[in-house]
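Chain by chain, the residues run as shown.
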Amino acid sequence: MSLADVKYLPETPAHDPDIEAINDEAFGPGRFVLAAYKIRETGGHERSLSFVAMDGDIVIASVRMTRIAAGAGRALMLGPLAVRPAFKNLGIGRRLVAIALEAAAKAGAPAVILVGDEPYYGPLGFRKIPRGQISMPRPVDLDRLLSHEIVPGAVARLSGEVGHASLARIAEQAPVMA
């Protein structure tokens, strides 16, 4: 396989079994207790902003985006990002992140956050979110909360607990009781 043979495509429902297998291989069953999974399971991901890398007809990597809210702020949460072991360290994951960030900007997203390692994501434009500014619904290493700001000031609008954006819209529409 040559990197020139890798195709990057928007995710479709047909990719779901392969994506699940890649995520299981990369993160194992323990992934379901992580904070990011808690958010995703409450409202799902944005398929139109999620992508796969293909070698022929085989999904070799994927990245997903989920709409989130924290206080007055809105953003996308990137992840999971997973690459099959035989295709790691070739730049495929970084290319998927770049494609996802470009799609997020085109879709008008103000920022993208993730839980990840700064040495990997820093060169892709991610910076640490100030400690205590946001929290996750389950324990997470606060030094791994990173953001990529698309619209200036968007990250500063994120505050409090991060949740799926669909739940925030429901809460905002609820009548206020006196």
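Here the structure is shown first, and the text comes after it.
Let us look at the structure shown here. (Residues numbered from 1 in each chain as written. Predicted model: local features only at pLDDT ≥ 70, side-chain atom pairs only at ≥ 80, totals over all residues. Heavy atoms only, no water.)

**Here we look at the side chain of R40**
Position of R40 relative to the elements: it lies in helix α2 (residues 35-41). Among buried charged residues, R40 stands out as having no salt bridge; its nearest opposite-charge side chain is E41, 9.0 Å away. Of the polar contacts made by the side chain of R40, one reaches the backbone oxygen of G79; its length is 2.9 Å. Contact partners of R40, with chain neighbours within four places excluded, come to T66, M77, L78, G79 and P80. (Helix = DSSP H or I, 4+ residues; strand = E, 2+ residues; numbered from the N terminus. Buried < 20%, exposed > 50% of the residue type's maximum accessible area, 1.4 Å probe, protein only. Lys, Arg positive; Asp, Glu negative; His and termini not counted. Salt bridge = Lys/Arg side-chain N within 4 Å of Asp/Glu carboxyl O. Polar contact = N/O pair within 3.5 Å; in protein donor to acceptor, adjacent residues only side chain to side chain. Contact = heavy atoms within 4.5 Å.)

**Brief notes about helix α3 (residues 92-106)**
In a regular helix each residue adds 1.5 Å, so 15 residues correspond to 21 Å; α3 covers 21 Å between its end C-alpha atoms and thus fits that length. Residues of α3 that are buried include every one of I92, G93, L96, V97, I99, A100, L101, A103 and A104, and no others. (Expected span 1.5 Å × (residues − 1).)

**Description of the layout of surface pockets**
A volume near 760 Å³ is recorded for the largest pocket. F27, L81, V115, Y121 and R144 are the residues nearest the centre of the largest pocket, which is lined by 33 residues in total. Only α1 (16-27), α2, β4 (73-83), α3, β5 (111-115) and α4 (118-121) provide two or more residues apiece to the lining of the largest pocket. At seven residues, the largest contribution of residues to the lining of the largest pocket is made by β4. (1 Å grid on protein atoms, 1.4 Å probe; cavity = no way out; pocket = protein on both sides within 12 Å on 5 of 7 lines; lining within 4 Å. Points joined across faces, edges and corners; volume = space filled by probe spheres on them.)

**Section: the pattern of salt bridges**
This structure, assessed with the given rule, holds 10 salt bridges. Across the salt bridge formed by K128 and E118, the nearest N and O atoms sit 3.9 Å from each other. Within this pair, whereas K128 is found in strand β6 (residues 127-128), its partner E118 is found in helix α4, the two being separated by 10 residues in sequence. Between R131 and D143 there is a salt bridge whose closest N-O contact spans 3.1 Å. Of this pair, R131 sits in the loop between β6 and β7 (134-135) while D143 sits in the loop between β7 and β8 (145-149), placing them 12 residues apart in sequence.

**Points about the packing of aromatic side chains**
Evaluated as defined, the whole model comprises two aromatic pairs. Measuring from ring centre to ring centre gives 4.8 Å for Y120 and Y121, while their planes differ by 75°; the resulting arrangement is edge-to-face. Of the residues examined, Y121 reaches a relative accessible area of 11% and is grouped as buried. Consider the rings of Y121 and F126, whose centres lie 5.7 Å apart with planes at 75°: the pair is edge-to-face. (Phe/Tyr/Trp six-rings, centres within 6.5 Å; stacked < 30°, edge-to-face > 60°.)

**Focus: the nonpolar core**
If you look at the biggest cluster of nonpolar residues, it comprises 28 residues, and the most contacted ones within it are M65, L78, V97, V112, Y121 and F126. Listed by contribution, the elements that provide at least two residues to this core are β2 (51-55), β3 (58-71), β4, α3 and β5. Among the elements that make up this core, the one with the highest residue count is α3 (eight residues). When residues no more than four places from it in sequence are discounted, the contact partners of F126 are V97, L101, V112, L114, Y121, L146, S147 and H148. (Core = buried A, V, L, I, M, F, W, Y, C linked by side-chain atoms within 4.5 Å.)

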